[in-house]
Amino acid sequence: MCIKTSMSYFILLMVLGNILTIGTGCTQKEVPLVVYAGKGLQSAMEEIKQSFEQRESISISIIYAGSNSLLTTLKNTRKGDIFIPGSSSYIKKAGKLVHTSQYVAHHVPGFIVQANSTKTLRTYSDLLVPGVQIAVGNKDMCAIGKVGEAILSEADPQQTFRSNIVITGSTVNELLGLVIDKEVDAALVWADMLEWKTAKGLVHIAIPDNINKPKEIQVSTLSVSTNPKKAALFANFVATEGRTIFLKHGFSEK
């Protein structure tokens with residue numbers, strides 16, 4: 001089961017259009033900075049947004065979606081000020097649309113399961129047992145989906161969970177919801193998501209270091225920004241004070 005890319009892209013265009021319309025008829029000062037952020041970064045980014053707006057009196061509008069969906073929207077519309085995907089690989093794919101980029105934190109992939117699971121899922125090996133239902137991300141839509149495919153591609157036959165995958169989701173938030181609603185036994189997400197209030201009652205199952213693929217998060221300013229000075233100010237904030245906020249929300253330095 002998955003949500004089609006075309007539908008997600010259409011929704012993103014509608015959201016972007018609404019944000020840009022807000023500035024119509026207003027002075028340039030009143031137009032908010034448009035930030036594209038990976039869905040899995042939402043908890044940290046909302047706190048960063050609030051802190052930055054209070055300090056600088058600059059409005060921020062954040063569009064959350066799977067990283068690849070955001071990249072597609074950015075390439076086709078060539079509008080926006082900041083790009084913060086769930087993996088720096090998407091910043092590289094953005095090419096000349098990116099003006100500058102700075103390190104923020106690391107995303108560490110991991111599995112989440114219900115703490116009271118009747119299948120007694122506690123270790124990575126438990127997830128490989130036939131009959132365990134696993135959800136992963138769509139590799140063409142979100143960063144965690146691409147990571148999942150990379151892990152599977154390098155895992156030896158004794159470490160692969162491919163045969164247990166029953167659902168493919170468009171965002172990491174959707175994957176979290178599937179475990180919360182007990183539609184699957186486990187989902188491959190980012191370990192930092194266990195810090196979310198909605199993750200209460202869930203536990204983390206670590207992926208062996210020899211196959212895991214932690215991803216670097218970077219904040220980038222866009223060459224198509226109509227507010228380059230404000231965009232640079234926000235990017236610097238995310239890479240400095242914002243880094244502490246990311247760590248507070250369970251992200252890693254490495």
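Data block above holds the structure.
Overview of the structure. (Residues numbered from 1 in each chain as written. Predicted model: local features only at pLDDT ≥ 70, side-chain atom pairs only at ≥ 80, totals over all residues. Heavy atoms only, no water.)

**Points about the environment of E195**
Operational definition: Every helix listed is a DSSP run of H or I at least four residues long, and every strand listed is a run of E at least two residues long, numbered separately from the N terminus. The contact rule is simple, with two residues in contact once any of their heavy atoms fall within 4.5 Å.
Inspection of the secondary structure assignment puts E195 in the loop between strand 8 (186-190) and strand 9 (202-205). With 54 residues separating them in the primary sequence, E195 and H249 have C-alpha atoms 6.1 Å apart. In this structure, E195 is in contact with H249 and G250, ignoring residues within four places of it in sequence.

**Let's talk about helix 7 (residues 228-239)**
The following threshold applies: What a helix is expected to span follows from its residue count: subtract one and scale by 1.5 Å. Think of it in three bands: residues with accessible area under 20% of the maximum for their type are buried, residues over 50% are exposed, and the middle band is partly exposed, with areas taken using a 1.4 Å probe on protein chains only.
Taking 1.5 Å as the rise per residue, helix 7 with 12 residues should run 16 Å; its terminal C-alpha atoms sit 16 Å apart, in good agreement. Every buried residue belonging to helix 7 is among A231, F234, A235, F237, V238 and A239, and all of these are buried.

**Notes on the pattern of salt bridges**
For side chains bearing opposite charge, pairing can occur when the charged atoms are close. Short version of the rule: For this document, the term salt bridge refers to a Lys or Arg side-chain nitrogen within 4 Å of an Asp or Glu carboxyl oxygen.
Applying the stated criterion across every chain, the model contains seven salt bridges. Ionic pairing is found between K248 and E47, a salt bridge with its closest N-O pair at 2.9 Å. Here K248 is found in helix 8 (residues 241-248), whereas its partner E47 is found in helix 2 (residues 42-56), with 201 residues between them in sequence. Owing to a relative accessible area of 25%, E47 belongs among the partly exposed residues under this scheme. Two residues, D185 and K119, come together in a salt bridge whose shortest N-O distance is 2.7 Å. Of this pair, D185 sits in the loop between helix 6 (172-180) and strand 8 while K119 sits in the loop between strand 5 (109-114) and strand 6 (134-137), and the two are 66 residues apart along the sequence. You can call D185 buried: its relative accessible area is 15%.

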